[in-house]
Amino acid sequence: MDGTNISTLYQEFKERVIAANTVGQPLVIQGGRTKGFYGRHCEGEILDTRSCSGIISYEPTELVITARAGTSLAEVEKTLASYGQMLAFEPPYFGKDATLGGIVACGLSGPRRPYVGSVRDFILGVKCLTGRGEILTFGGQVMKNVAGYDVSRLMTGAHGTLGVLLEISIKVLPAPEYEVSLTRSKDFSSALHDMNTWAGRSLALSAACYDGQHLNIRLSGKRSAVHAAMKQLNMDEHPEGLRYWQDLCEQQLVFFKNNNKALWRISVPPATPVLDLPGEWFIDWGGAQRWLKSSESTERIRHVSEQAGGHATLFRGGDRNGEIFHPLSPGIKVLHTRLKKAFDPEFILNRGRMYREF
Amino acid sequence: MPSSIDRLYEFLPAGAIIADAESLQVYECDALSAYRELPRCVVLPDSIKQVQEIMRFCHAEKIPVVARGAGTGLSGGALPVTNGVILSLAKFDRILEIDPYQRIARVQPGVRNLSVSEAVAPYDLFYAPDPSSQIACTIGGNVAENSGGVHCLKYGLTVHNIAALKIVTIEGELLDIGSHALDAPGYDLLALMTGSEGMLAVIVEITLKLLPKPVHNQILLAAYDSVEKAGNGVAAIIAAGIIPAGLEMMDNAGIRAVEAYVNAGYPVEAAAILLCEIDGVPEEVNVESHKVQQILLHSGATNVRMAKNSAEGEKFWAGRKAAFPAVGRIAADYYCMDGTIPRKHIAEVLRRISDLSRQFGLGVVNVFHAGDGNLHPLILYDVSVPGELKKAEDFGGKILEVCVQFGGTITGEHGVGIEKINQMCIQFNPEELLQFHAIKHAFDTDHLLNPGKAVPTLKRCAEFGAMHVHAGQLPFPELERF
């Protein structure tokens, strides 16, 4: 898209937000519609971001890509791959039409997350359209930048409730030279022990999960480092190889399929022992992200997660008009509402998507 | 002293309050000593409850509060506010918990940065951010400034290496932010707090992430006959898919100053040198460092030396770490800048800096965290020459403007504080600055927390500031500065 067209588009977006403010009409920001299942159900006029697309700049030697929010995630990853680089947080697509803006707004990261960082760790800057109809730029294209508050990261995972993402700059990393997928049969406690112990050693670990029977890990890095780690770990090659991690990331493993119960995502400190909740479990992120298929009550799931020092998200299924994300403590909730008002005083953008109150 | 301050004695022990003029002078500035201001008093609480009481009191009485750690900051972030209270976190100096199994440490804000890595070393873990003042600077200050260091290209900044915070709001409320899990529900307040320069809340506890200590490393020293080629060397390493643990550059003026000072074995005739650290398991370090050697030679290095042993590696690093004091020896005063630029523009930006140097008639030495594009030009001047201080400040401001012009930023790791408040007006437009004020307002409606720092009012957008070093003496002369 050329400069004239894009400024016309930004102007259109801006006018829509300003108009929505005058009549109090909520807007629902939508990209490739692959993550509509996530978050609370919210209503309003659709603001389609897909026309806001295209890679603006990519300098492999600077380790930075800047693209418009509606750019297809596949295009971004393909471009990076052609220079041997990657989005290191391993974004889940949940459908081929996933956009860069969608993954940043939802704040989702894949199996590599505990070892290299989450999507927010790689965000360097954003251009966004606030709920007041102002187009603002925060952060930048450089690795180190402490000028002003970190609005770029605040926007990451905010589900579009603070602003419409227009352009995003992300730090990228070289793709690993070599990767291998390993497996070994284990019980839960020894799998949890291994995952936590190994994460504290230089073992080129890039993913670790427990499927109820097997501890599965992925090693990534320089060939020499991966080989050195393999010697120490003495595990078998995973029959599905690297494909397994892609299926885990995209929730295409058997565990995630044909599920008629609610799917909960429980985020806890990585060495948390078995949680006393009925249902089927799948442990990812070296113990820190636990998937639970269960019909147990929301209250109890939230209570047990909180007791363990974590929180629970109703990831798929269940009542999408209810509370999807873990309730905030009263003091934190006040800050959220004030921040929402600071960016979107009339609560125009994705109203109710994260929490009922805003 | 107004009577309202006396009421602090109602809930604080007498030893926790400093109010006599002589003792207050210790707190009149941080490491940006060109700016001084006496606070109304200093309070040194030793419990979270006391911090809450102080905050409630100041909130009720509308008294400004400036939080302070070790006072090693270079941008005047801890400069007192007239009639305000300095809230020193010096007594919060305990490591509360080390959990090597889950790789976290819970610490109080007054804990010194280096002491964390020392405490967790027995578990073969380390805390990655390593600002050059790490022997003295505190974790609370690091979070407030989002401090970096020489290893952040590979291991990240403070924002990447903390898991949770306990904060006290200006209303005196104690809140938990973040989690010992890998994420927390709601907005990323942990990121918002990091680097917020004491403007949003006071940090009273921090949970740090610990990383496995690399088992081996190798240091390479490459000499170049032009800055441009050295810049190409940096790009070539990255293009080859290698992320070094450290990647530093120094120009000829820097090399000469350092060599005269510490004899690090640097080639004094080189236009620039690159210092590259590769870490990992021994097999990996061996393969990668030879690869880097070839890449550097191919990029036009006239000479590449690989440290023969750890002693030589340390010697190579010692030169880089001695750059600031070395410069202090060759000039009466120097003024340290902190811009970041996309690396590809390094040669052009250094050319501009050299043009400005001629234009202002002041010398400049360039040291550079080349891996992540963070420049530290050191402007040489003499405060005893009338007008030179002002000239150095103007020169520094111009350098930051050049950084912004080339797509960079006015501060990579030292913070805005009071120093770069004017340049904030160049980097951000009025709407963006107003958005920052709206964020502050969400936390601090009465603007009592560190007022006047970090984000300029639109009215203020015309004033200047600076870090100045007199007679080679930085405040904290014993600290390394790189």
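Please read all numbers here as calculations on a predicted model, not as lab measurements.

Novice: How would you explain the sheet that holds strand S6 (residues 123-130) of chain A if you had to name every residue and give the values?
Specialist: Within a beta sheet, neighbouring strands are joined by backbone hydrogen bonds and run either parallel or antiparallel to one another. One open sheet holds the 5 strands; their spatial order is S3-S4-S8-S6-S7 (chain A), and the pairing between them is antiparallel. Each of the sheet's edge strands pairs with one partner strand only, and the pair in question is strand S3 (55-59) and strand S7 (135-139) of chain A. Strand-to-strand, the axes of this sheet are offset by a mean angle of 15°, without reference to chain direction. Relative to strand S8 (residues 163-171) of chain A, S6(A) runs antiparallel, the two sharing 7 bridges. Within the sheet, the bridge partner assigned to A:Val126 lies in S8(A) and is A:Ile168. The strands that helix H2 (residues 73-81) of chain A touches are S3 and strand S4 (64-68) of chain A; relative to S3(A), the one it contacts most, it runs at about 25°. Lying on the sheet, helix H16 (residues 430-443) of chain B is in contact with S6 and S7 of chain A; it crosses S7(A) at an angle near 70°.

Novice: So what about the sheet that holds strand S8 (residues 162-168) of chain B? Which residues, and what values?
Specialist: All names here are of chain B. Read from one edge to the other, the open sheet built from 5 strands follows the order S5-S6-S10-S8-S9, with strand pairing classed as antiparallel. The sheet is open, and its two borders are formed by strand S5 (95-99) and strand S9 (174-178), each paired with just one other strand. Strand-to-strand twist across the sheet, computed as the mean angle between neighbouring axes with direction ignored, equals 15°. Looking at chain direction, S5 and strand S6 (residues 104-107) are connected through 4 bridges and run antiparallel. Within S6, the position partnered with Glu 97 by the bridge is Arg 106.

Novice: Break down the nonpolar core for me, citing the residues and quoting the values.
Specialist: The tendency in soluble globular proteins is for nonpolar side chains to be buried side by side. Judged by nonpolar contacts, the single largest core of 164 residues is most densely connected at A:Ile170, B:Leu165 and B:Leu189. With residues up to four places along the chain from it excluded, the contact list for A:Ile170 reads A:Leu63, A:Val64, A:Ile65, A:Leu87, A:Phe89, A:Leu100, A:Val104, A:Phe122, A:Ile123 and A:Leu124. Residues B:Ala223, B:Val258, B:Ala270 and B:Trp317 belong to the second largest nonpolar core, which totals 27 residues.

Novice: Account for the interface of chain B and chain A, naming residues and giving values.
Specialist: At the junction of the two partners, chain B supplies 86 residues and chain A supplies 72 residues. On the chain B side of the contact with chain A, B:Tyr101, B:Leu182 and B:Tyr187 bury the most area, a combined 13% of that side's loss. Taking the shortest distance from any N to any O, the salt bridge between A:Glu59 and B:Lys344 comes out at 2.6 Å. Counting across the interface, chain B meets chain A through 29 residue pairs in polar contact (both at pLDDT 80 or more).

Novice: Before we move on, can you summarise the packing of aromatic side chains with the specific residues and values?
Specialist: In this description, a pair of aromatic rings is defined by centroid distance and the angle of the planes. For the structure on display, the rule yields 25 aromatic pairs over all chains. These aromatic residues form a ring-pair network of at least three members: A:Phe37, A:Tyr38, A:Phe94, A:Phe255, A:Phe256, A:Phe282, A:Trp291, A:Phe315, A:Phe325, A:Tyr355, A:Phe358 and B:Tyr187. Over the ring of A:Trp285 we find A:Arg113, and its NZ or CZ is 5.7 Å from the ring centre. A:Arg316 extends its terminal NZ or CZ atom over the ring of A:Phe94, reaching a point 5.0 Å from the ring centre.

Novice: A description of the domain arrangement of chain A should follow, citing residues and the corresponding values.
Specialist: Residues and elements named next belong to chain A. Structurally, chain A comprises domain 1 (3-174 + 336-343), domain 2 (178-249) and domain 3 (254-316). Placing a centre on the C-alpha atoms of domain 1 and another on those of domain 3 gives a separation of 28 Å. Between domain 1 and domain 3, the contact holds 10 residues from the first and 6 residues from the second. Between domain 1 and domain 3, the buried area comes to about 680 Å², and carbon and sulfur atoms account for 67% of it. When the area that domain 1 buries against domain 3 is broken down by residue, the three leading residues are Phe 37, Tyr 38 and Pro 114, summing to 50%. Scanning the region where domain 1 abuts domain 3 turns up 0 salt bridges. On the surface where domain 1 and domain 3 come into contact, there are 1 residue pair in polar contact (both at pLDDT 80 or more). Counted by class, the side of domain 1 that touches domain 3 contains 7 nonpolar, 2 polar and 1 charged residues.

Rules used in this analysis
- Residues numbered from 1 in each chain as written.
- Chains lettered and ligands numbered in written order.
- Predicted model: local features only at pLDDT ≥ 70, side-chain atom pairs only at ≥ 80, totals over all residues.
- Heavy atoms only, no water.
- Pairing = 2+ DSSP bridges.
- Helix = DSSP H or I, 4+ residues; strand = E, 2+ residues; numbered from the N terminus.
- Axes fitted to C-alpha atoms, helices over the stretch in contact; angles between N-to-C directions.
- Contact = heavy atoms within 4.5 Å.
- Core = buried A, V, L, I, M, F, W, Y, C linked by side-chain atoms within 4.5 Å.
- Buried < 20%, exposed > 50% of the residue type's maximum accessible area, 1.4 Å probe, protein only.
- Buried area = accessible area lost by both parts, 1.4 Å probe.
- Salt bridge = Lys/Arg side-chain N within 4 Å of Asp/Glu carboxyl O.
- Polar contact = N/O pair within 3.5 Å; in protein donor to acceptor, adjacent residues only side chain to side chain.
- Phe/Tyr/Trp six-rings, centres within 6.5 Å; stacked < 30°, edge-to-face > 60°.
- Lys NZ or Arg CZ within 6 Å of the ring centre and 35° of its normal.
- Domains from an automatic or database assignment.
- Nonpolar A, V, L, I, M, F, W, Y, C, P; charged D, E, K, R; others polar.

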